[in-house]
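Listed below, chain by chain, are the residues.
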Amino acid sequence: MRKRLLLILTVLLTLTIALGGCSGRKAGDSSKIVVGIPQDLEDSLDPHKATAAGTREVLFNVYEGLLKPDENGDLIPAVAKEYEVSDDGFTYKFILREGVKFHDGTPVTAEDVKYSLEKSAGMTGEETLIAAFSNIKEVNIVSDSEVDVVLKENDVDFPAYAASVNASIIPKANTASDTNPIGTGPYKYVSRSPQENIIMESFDDYWGEKASIKNLEFKIESGDSMIMDLKGGSIDMCARISATQIAQLGDGFDIHEGSMNLVQALYLNNKVKPFDDVRVRQAMCYATDTQEILDLAFEGYGSPIGSQMFPSFGKYYMPELENKYPVDVEKAKKLLADAGYPDGFDMTITVPSNYIPHVDTAQVLVEQLKKVGIKATIDQVEWNTWLSDVYTGRKFESTVIGVDASSLTADALLGRFYSSADNNFTNYSNPEYDKLYEESRKTLDDDKRTELYKQMETLLAEDAANVYIQDMAEFVPMNKKFEGYTFYPLYVQDIAKIKIKE
Amino acid sequence: MKYIGKKLATMLITVLIVTMLVFLAFRVIPGDPVSNMLGTSATEEKVANLREQLGLNRPLPVRYIEWVRDFFFGDMGKSYTYGMSVKSMLASKIPITITLTVMSFILVVLISIPLGIYCAKHEDKWYSKAIDVINQITMSVPSFFVGMIITYIFGLVLRWFRPGAFVNYKTSVVGFLGYLIFPAISIALPKAAMTVKLLKSSVLKEGKLDYVRTAYSRGNSTDQVLYKHVFKNALIPVITFLGVTLADMVAGSIIVEQVFSIPGLGRLLITSISTRDYPVAQAIIAIIACIVIFINFMVDILYKVIDPRISK
């Protein structure tokens, strides 16, 4: 018996070691990159229905619009070779690039373009969820290679919308775009396994510069195992890692540093007491020490901001607003007293618990607000609860979150503070702001518009609409084998530009 | 036959109650699939439209009855977040969780039965006492923590396996089984420790009974008495325990799946709850409930086989 037991144990141990060695990828399979992503694509693979930034950043590799953004934030032609705007600014004529093929091998036709634009605009009767092009009046096919888009209202931002993932060109013939994505991008979709991965392959007939790495896998990883898997080698890179996590990584990685392109702020519900009083909001701004937040929760990384705009937006960004409210406890106390709260008040900060950086920020804020007598408590909620209660329901007092820009336009950030905007979740309302915004929509001259945007930013800062904090730093650790990671001013991952080092 | 029929009826009622509770639970927690799907582009109008489209506006009892009917006929509906049929999603995940559970169970049996008997036989020796101590420690550590320690030692330090490098069985069966060995050990160790303890005390207890003395007096050797008489009787409480353990391990594997990044039922269940993907969550919970109840049912039957005196 003892012998048999020994035998069983030995066999088991040998098997363990032998099989253990078999797992993982084979050596020499170098033309493959595994990219870790923190969540699965849970809305849709149809670009016109993709609402989450995390979905769009993956689909960016599969789909293209008539135009697309480049790494500097400029618009470059994609499915369209060029476009012309009529003198009145109402008609955009797109001339299609020749020889652009869909992943299934069929050529892109003017018919497909018309279908895609109309679908994305919600004109086909199918619910699009995004309505990137709600401003489109009609789409006319002029010839096999020319499509005219007629707008309801003048909009100089139209080309920027045409470059977003939500405005991608897809084949009319594909009836299952939800589950079988077909686009024109550098990578084509192969398969997916829910909560496990999404497999892609470089597209050989791509019209532009083809992707360098043949096989691409997006692997879904929960936050904590991401670092462990990077270390262990089962993923090659991942984006948006915090400074604290980078410290745990050690050698073996090239760390790329950029910014998240988010406006992180303590967003205040401007409609509920006491945040309906501008003095209270200003007092909170004076009480907040941004640098301390960066030092305590972000290892010193991040760029402080002073309004609803982040630095990557070059010409719209106003650095002078960064220090609009220097730390001043006395002034904050006085403002609170003037507003009728000499002893401060109690408030709740609702934070989605899955976003650790925001939770950390809220914790530092609680301590800082305490100094002026405001007793804040943190209420951590699930992301879904946050979406329904805070964002859609607007039933909250304050929340720490990062707001991104869905397209390369100032409007994407500033539009939500228009009183009656659908997405004005902070209930900000200022007639002066509304007037400026309406004017900006009508102004075609770029310089004048930029000026209006700056006035709007200034107004948000003066009104202390929210306690603006920072644009968070982003770190992208990448296995030393690879090079060519490119940051965009948008929330995208461009894998096609990544190469294996010589 | 009557016995089996009765057990089957209990099984059915339990599954119904479990699924009903799940339905109610989703009603109580805030948030719904629509807000998850629309994310930050939600407006009241879009929310209303999509709710209508998904049929979320219909009364709860109607939805529940329809769900039960469809489930009974093998139609689990379509996932809100993936647009795929729930059946096809689960079909690729169930083998992973089942394999993990079965592997752990085999490990428990392989480790605990020989070791339990060995310890009982050499009860007075120092190494048996040492095993007792180790056993006590292993027993009190939860499996997910064992998993973390194993990942650290064998994954990051010794590099015997690559953390997170799960291989799907469709790609390579050997790689798949290989990756599951360490997770299976994590689940098995605490359970094996408990089984060893139980078997040892059971053997020792049996050993003091009269029939054992009789067997010895007939000139049998220690081994003969142990394997021919004591073992069989000592095994009955152990089988009960192993049955409960197996059911427990189905649930336990869900947690360990998280530790080892195994994309099995567990991960799918957790995310489907947080995205309020009702069809998926309900189907998984119903299936797990069925498996657990089925195992208990099998244990009941097994009793009857081992000990025909049990009739009710």
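Thresholds, definitions, all that
Residues numbered from 1 in each chain as written. Chains lettered and ligands numbered in written order. Predicted model: local features only at pLDDT ≥ 70, side-chain atom pairs only at ≥ 80, totals over all residues. Helix = DSSP H or I, 4+ residues; strand = E, 2+ residues; numbered from the N terminus. Buried ≥ 20, exposed ≤ 12 C-beta atoms within 10 Å, placed from the backbone. Rg over C-alpha atoms; globule rule 2.2 N^0.38 Å. Contact = placed C-beta atoms within 7 Å. Axes fitted to C-alpha atoms, helices over the stretch in contact; angles between N-to-C directions. Parallel < 35°, antiparallel > 145°, perpendicular 65-115°, else oblique. Left-handed = near helix turned anticlockwise from the far one by under 90°. Pairing = 2+ DSSP bridges. Core = buried A, V, L, I, M, F, W, Y, C linked by C-beta atoms within 7 Å. pLDDT = per-residue confidence, 0-100. Nonpolar A, V, L, I, M, F, W, Y, C, P; charged D, E, K, R; others polar. Domains from an automatic or database assignment.

Moving on, we come to the overall build of chain B. The helix and strand tally for chain B stands at 12 helices and 0 strands. Its helices and strands taken in sequence order, chain B reads α-α-α-α-α-α-α-α-α-α-α-α from the N to the C terminus. The dimensions of chain B, computed from C-alpha atoms along their principal axes, are 85 × 55 × 35 Å. Looking at chain B as a whole, 40% of its 312 residues are labelled buried.

Let's shift gears to the overall build of chain A. Secondary structure assignment for chain A yields 14 helices and 21 strands. The C-alpha atoms of chain A give a radius of gyration of 25 Å, which matches the 23 Å a tight globule of 502 residues would have. Its C-alpha atoms put chain A at 80 × 80 × 40 Å along the principal axes. Each of the 502 residues in chain A was classed as buried or not, and the buried ones make up 50%. Taking all contacts inside chain A whose residues are at least 6 apart in sequence as the whole, residues at least 24 apart take part in 68%.

A few words now on the packing of helix 6 (residues 126-140) of chain B against helix 8 (residues 173-207) of chain B. All names here are of chain B. It is the contact of helix 6 with helix 8, at a shortest axis distance of 7 Å, that shows an interaxial angle of 135°. The angle between helix 6 and helix 8 falls in the class oblique. Relative to helix 8, the crossing made by helix 6 is left-handed. Contacts between helix 6 and helix 8 involve Asn-135, Thr-138 and Met-139 on the former and, on the latter, Leu-189, Pro-190, Ala-193, Met-194, Val-196 and Lys-197.

Here we come to helix 3 (residues 110-120) of chain A. All names here are of chain A. Among the residues of helix 3, Asp-112, Val-113, Lys-114, Ser-116, Leu-117, Lys-119 and Ser-120 are the ones counted as buried. For helix 3, the secondary structure elements touched by its buried residues are strand 5 (91-96), strand 6 (136-143) and strand 7 (146-151). Taken from the residues just after helix 3, Gly-122 is the one with a positive phi, measuring 80°.

With that settled, the discussion passes to the sheet that holds strand 6 of chain A. Two pairing modes exist for strands in a sheet, parallel and antiparallel, and in both the strands are linked by backbone hydrogen bonds. Residues and elements named next belong to chain A. What the 4 strands build is an open sheet, ordered 4-5-7-6; its pairing is antiparallel. Lying at the two open borders of the sheet, with one neighbouring strand each, are strand 4 (80-85) and strand 6. Between one strand and the next, the sheet's axes are offset by a mean angle of 20°, whatever the strand orientation. Note that strand 4 and strand 5 share 5 bridges and pair antiparallel. When the sheet's bridge partners are listed, Glu-82 is paired in strand 5 with Ile-95.

Next up on the list: the nonpolar core. Within soluble globular proteins, side chains that are nonpolar generally end up buried alongside one another. With 136 residues, the main nonpolar core has Val-35, Cys-238, Leu-266 and Ala-283 of chain A as its most contacted residues. Once you skip the residues sitting within four places of it in the chain, Leu-266 of chain A turns out to touch Ile-349, Leu-365, Ser-398, Val-400, Asn-466, Val-467 and Ile-469 of chain A. Core analysis: the second largest hydrophobic core is formed by 68 residues, Val-196, Val-256, Ile-262 and Ile-285 of chain B among them.

Take the confidence of the model for chain A next. Looking at chain A, pLDDT values average 87 and 92% of them are 70 or higher. In this model residues 15-29 of chain A is a low-confidence stretch, pLDDT under 50, and it forms 23 contacts with partners more than four residues away in sequence or in other chains.

The next subject is the interface of chain A and chain B. Listed as interface residues are 45 residues of chain A and, on the opposing side, 50 residues of chain B. Listing elements by their share of the side of chain A that touches chain B, those giving two or more residues are helix 1 (2-22), helix 5 (223-232) and helix 11 (383-392) of chain A. The residue inventory of the side of chain A that touches chain B, partitioned by class, reads 15 nonpolar, 18 polar and 12 charged.

Right, let's get into the domain arrangement of chain B. Looking at chain B, the domain boundaries give domain 1 (2-91) and domain 2 (94-263). Computed over C-alpha atoms only, the centres of domain 1 of chain B and domain 2 of chain B are separated by 37 Å.

All names here are of chain A. Spatially, the 6 strands line up as an open sheet ordered 14-18-13-17-15-16, and their pairing is mixed. Strands at the two margins of the open sheet, each flanked by one partner only, are strand 14 (303-304) and strand 16 (375-381). The sheet contact formed by strand 14 and strand 18 (residues 467-471) spans 2 bridges and is antiparallel. Directly across from Pro-304, in strand 18, lies its bridge partner Gln-470. In the packing of helix 10 (residues 356-370) onto the sheet, contacts are made with strand 13 (262-268), strand 15 (346-352), strand 16, strand 17 (398-404) and strand 18, and the angle to strand 16 comes to roughly 165°.

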